[in-house]
Amino acid sequence: MNRILQLTGAVLAAVLAAGCSLIGAQQESAGRTVTLVTHDSFAVDEQALAEFERESGIHVEVRHSGDAGELTNKLVLSKANPIGDVAYGVDSTFASRALQADVFQPHRVPNADRGPQRYALDGEHRLTAVDVADVCVNIDTEWFAEHQLPEPRTLQDLADPRYRDLFAVPDPATSSPGLAFLLRTVAEFGEPGWQDYWRQLEANGVKLSSGWEEAYNQDFSGSSGKGPRPVVLSYASSPAAEAGPDGTSPTKALLDTCYRQVEYAGVLRGADDPEAAGEVLDFLLSQRFQEKVAELMYVYPVVEGVQLPPGWETSAPLPENSAELPSEQVERNRDRWVEQWRAVVRG
């Protein structure tokens, strides 16, 4: 009887010990928090995030940190004491700065070969492409029809006197899409031709704003703000946001004016829990996250096989021939080009 009691007691002790270990592991897992630092436009499907947190035992804390330029600068300046564990939203106009500062540590996403790898910037896998957000000139097609004015098609058209006082552009010195447009003019007209082009735009009444929000939502006639200008710098995906129930849009992107902008994510060097941070990065490339990026952030998924929302193929197709400059060239010249632009436009 004593032996049975001893065995029972031993089994009970083992069960309790195992239970305590399991509870301890669950508590430890539940206590894993990863801070995701991102730009202000970041949005995530709450159900998909909740499922990831439940399955992984990782709580994701999202910290918004301005636009892509602000985010990159903060990551570089806080390198010695990182402001998070994972960063998302460093785009191709600023990625070289982050890589040069060695802000990120290597992490290879399991499905990187299903699309993201074609946008790889270095062989160490420090940054992984998450989405594409091409910057393009957009026009209000209804305005042009009403005014019986031919729609512009190219960058050079925008300097034509027929389109005087019609174009609104975010400032390249303070806006990520504005900078992308400056890079597009460099790619198209070369040096010093791009400066001559900006002189033409200035003479033709281009309106500059501090950021995209002001240019699109206040100046553009094709947005809800019903501004006075029918031409604006925005994104290839913007017409999808203006589409009606039938899927048609009163605006369109001029696909011969685009600059390829890729948004990246990476595990920050010095992350408290690099393994958990890597799992969050993997989540950003998962099917359930990728299939919502177009709907929630109006960007294009990078993982192959992810379908765009209905109607995008006609109202907001991904441009096939967007201009791009090598990241090293952008890093070497970005500040100089912006200063030259200021001298041309600001005087």
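Residues numbered from 1 in each chain as written. Predicted model: local features only at pLDDT ≥ 70, side-chain atom pairs only at ≥ 80, totals over all residues. Heavy atoms only, no water.

**Some points on the pattern of salt bridges**
The full count for this structure, using the stated rule, is 24 salt bridges. Its salt-bridge partner being Arg32, residue Glu279 comes within 3.4 Å of it at the nearest N-O pair. Placement of the pair is Glu279 in helix 10 (residues 274-284) and Arg32 in strand 1 (residues 32-38), with a sequence separation of 247 residues. Between Arg97 and Asp335 there is a salt bridge, with its nearest N and O atoms 3.4 Å apart. Note that Arg97 is positioned in helix 4 (residues 95-100) and Asp335 in helix 13 (residues 327-345), a separation of 238 residues in sequence. (Salt bridge = Lys/Arg side-chain N within 4 Å of Asp/Glu carboxyl O. Helix = DSSP H or I, 4+ residues; strand = E, 2+ residues; numbered from the N terminus.)

**Observations regarding the nonpolar core**
By size, the foremost hydrophobic cluster in this structure holds 99 residues, and its most contacted members are Phe104, Val137, Phe167, Phe181, Trp198, Leu284 and Phe289. A domain-level breakdown of this core finds at least three residues from each of domain 1 (32-132 + 261-315) and domain 2 (134-259 + 322-346). Residues contacting Leu284, with those up to four places away along its chain left out, are Tyr88, Val130, Ala265, Phe289 and Gln290. The next biggest cluster of nonpolar side chains, apart from the first, holds five residues, and it includes Ala168, Ala215, Phe220 and Val232. (Core = buried A, V, L, I, M, F, W, Y, C linked by side-chain atoms within 4.5 Å. Buried < 20%, exposed > 50% of the residue type's maximum accessible area, 1.4 Å probe, protein only. Domains from an automatic or database assignment. Contact = heavy atoms within 4.5 Å.)

**Let's talk about unusual backbone geometry**
Residue Glu191 is joined to Pro192 through a cis peptide bond whose omega torsion reads 0°. Residue Gln148 is not a glycine yet carries a positive backbone phi of 50°. Following the sequence through the fold, Gln148 ends up in the loop between helix 5 (141-146) and strand 7 (167-170).

**Comments concerning the sheet that holds strand 6 (residues 135-140)**
Hydrogen bonds between backbone groups are what pair the strands of a sheet, and the pairing can be parallel or antiparallel. Pairing is mixed in the open sheet, where five strands are placed in the order 8-7-9-6-10. Here the strands that pair on one side only, and so sit at the sheet edges, are strand 8 (207-209) and strand 10 (251-253). Looking at each pair of strands side by side, their axes are set apart by 35° on average, direction ignored. As defined by bridge partners, strand 6 adjoins strand 10 across three bridges and the pair is classed as antiparallel. Paired with Asn138 across the bridge in strand 10 is Ala253. (Pairing = 2+ DSSP bridges. Axes fitted to C-alpha atoms, helices over the stretch in contact; angles between N-to-C directions.)

**Notes on empty space enclosed by the protein**
This model, assessed by the stated rule, comprises three cavities of 30 Å³ or more. A volume near 70 Å³ is recorded for the largest cavity. As for the largest cavity, its lining consists of 14 residues, and the residues nearest its centre are Gln117, Ala120, His125, Leu127 and Thr128. Residue composition of the lining of the largest cavity, by class: eight nonpolar, four polar and two charged. The volume enclosed by the second largest cavity comes to roughly 40 Å³. Surrounding the second largest cavity, Leu75, Ser78, Lys79, Pro82, Ile83, Val103, Leu268 and Arg269 form its lining. Considering only residue class, the lining of the second largest cavity consists of five nonpolar, one polar and two charged. (1 Å grid on protein atoms, 1.4 Å probe; cavity = no way out; pocket = protein on both sides within 12 Å on 5 of 7 lines; lining within 4 Å. Points joined across faces, edges and corners; volume = space filled by probe spheres on them. Nonpolar A, V, L, I, M, F, W, Y, C, P; charged D, E, K, R; others polar.)

**Let's talk about the domain arrangement of the protein**
Assigned domains within the protein: domain 1 (32-132 + 261-315) and domain 2 (134-259 + 322-346). Roughly 1600 Å² of surface becomes buried between domain 1 and domain 2 when both sides are summed, with 49% attributable to carbon and sulfur atoms. When the buried area of domain 1 at its contact with domain 2 is split by residue, Thr93, Gln261 and Ser315 rank highest and sum to 36% of it. Scanning the region where domain 1 abuts domain 2 turns up one salt bridge. Our count for the contact surface shared by domain 1 and domain 2 stands at 11 residue pairs in polar contact (both at pLDDT 80 or more). Of all elements in the fold, only helix 4 and helix 12 (312-315) reach the threshold of two or more residues within the side of domain 1 that touches domain 2. Per-element accounting of the side of domain 1 that touches domain 2 gives the leading share, three residues, to helix 4. (Buried area = accessible area lost by both parts, 1.4 Å probe. Polar contact = N/O pair within 3.5 Å; in protein donor to acceptor, adjacent residues only side chain to side chain.)

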